[in-house]
Amino acid sequence: MIFGWWTKRRRHKLLSQPLPDQWREVIVDRLAVYPLLSAAEQQRVHDYVRVFIPEKNWEGCLGFELTEEVQVTIAAQVALLVLGFDDEYFDHVRSILVYPQTYVAPDSPHNHSGIVDERGSARDGEAWYRGPVILAWDEVLADVRAPEYGSNLVVHEFAHQLDMQNGSHADGVPPMTSRAQFERWSKVVTHEYEQLGQACRHRRETLLDCYGTTNMAEFFAVSSEVFFTLPVELREEHAELYDVLREYYRQDPARRAQGA
Ligand SMILES: [Zn+2]
């Protein structure tokens, strides 16, 4: 990715500042895999949050107090998601809006494409094409405190943003590096999507949440959540899906989890 010299200079300046101790404490507390990361990876997470937080416009909604703890918690999850990429700071996501809990938002403008994740009439989060990411803090916190449930709202919404990097329509296919990768991805993901549909119709319990059957975009977002929270289980039960995600995200969290 090519940056203007101004962006480079600004980021260099941000990285010349030390990571505040309180930020480090939040990262250690809120990023479950932190102890499993290599020293170099931990450093990448530190650097990432130091750039990501000041580059975004953060807004607390409905009176929510947006603290540094909130920012670092969210930024650390994003850092993990893109740990395998170079300088992926989601430049098109200018704002991050945080509600205290699941919320009922007014209808968004029709000329704005994006993804809305709803639970009943309430929303957990949203990801707009070249627009904001919106998150419900109670969901973010519940997920980071109990990764064993396989959910991570921040990973979910930013996976939608990755998906929309190659077009306004989130179709479950983020940018690929080659035709071969795309073909392998399509074959595996289509098959897994059908399998999940069948399992959910028969009310069979699976590692992947049935919300992933909504469409291919949700399947990618839900799969990404499990890839980062329960990687060993995903590799065991959905080896091919794990493999295409590993290739796409350029990291191997199952291997990391097993210390190999
Ligand atoms: Zn979604």
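1. With respect to the pairing of strand 4 (residues 122-128)
Working step 1: Burial analysis of strand 4 places 7 of its 7 residues in the buried class, which makes it a mostly covered element.
Working step 2: Pairing geometry for strand 4 and strand 5 (residues 133-136), over 3 bridges, is antiparallel. The residue bridging Glu126 from the neighbouring strand is Ile134, located in strand 5.
Working step 3: If you look at the hairpin formed by strand 4 and strand 5, you'll find 4 residues sitting between the two strands, and Arg130 has a positive phi there, around 50°.

2. Considering unusual backbone geometry
Working step 1: Even without a glycine there, the phi angle at Asp87 is positive, about 50°.
Working step 2: As for its position among the elements, Asp87 is in the loop between helix 4 (68-81) and strand 2 (95-99).
Working step 3: Exposure remark for Asp87: the relative accessible area of 38% places this residue in the partly exposed category.

3. Quick notes on the domain arrangement of the chain
Working step 1: Its domain assignment divides the chain into domain 1 (14-166) and domain 2 (179-257).
Working step 2: For domain 1 versus domain 2, the distance between C-alpha centres works out to 21 Å.
Working step 3: Of the residues lining the interface, 26 residues belong to domain 1; the matching set on domain 2 comes to 18 residues.
Working step 4: Carbon and sulfur atoms make up 60% of the area that domain 1 and domain 2 hide from each other, which totals about 1800 Å².
Working step 5: For the interface between domain 1 and domain 2, the tally reads 1 salt bridge.
Working step 6: As a salt-bridge pair, Arg256 and Glu41 come within 3.6 Å of each other at their nearest N and O atoms.

Conventions we followed
- Residues numbered from 1 in each chain as written.
- Predicted model: local features only at pLDDT ≥ 70, side-chain atom pairs only at ≥ 80, totals over all residues.
- Heavy atoms only, no water.
- Buried < 20%, exposed > 50% of the residue type's maximum accessible area, 1.4 Å probe, protein only.
- Helix = DSSP H or I, 4+ residues; strand = E, 2+ residues; numbered from the N terminus.
- Pairing = 2+ DSSP bridges.
- Domains from an automatic or database assignment.
- Contact = heavy atoms within 4.5 Å.
- Buried area = accessible area lost by both parts, 1.4 Å probe.
- Salt bridge = Lys/Arg side-chain N within 4 Å of Asp/Glu carboxyl O.

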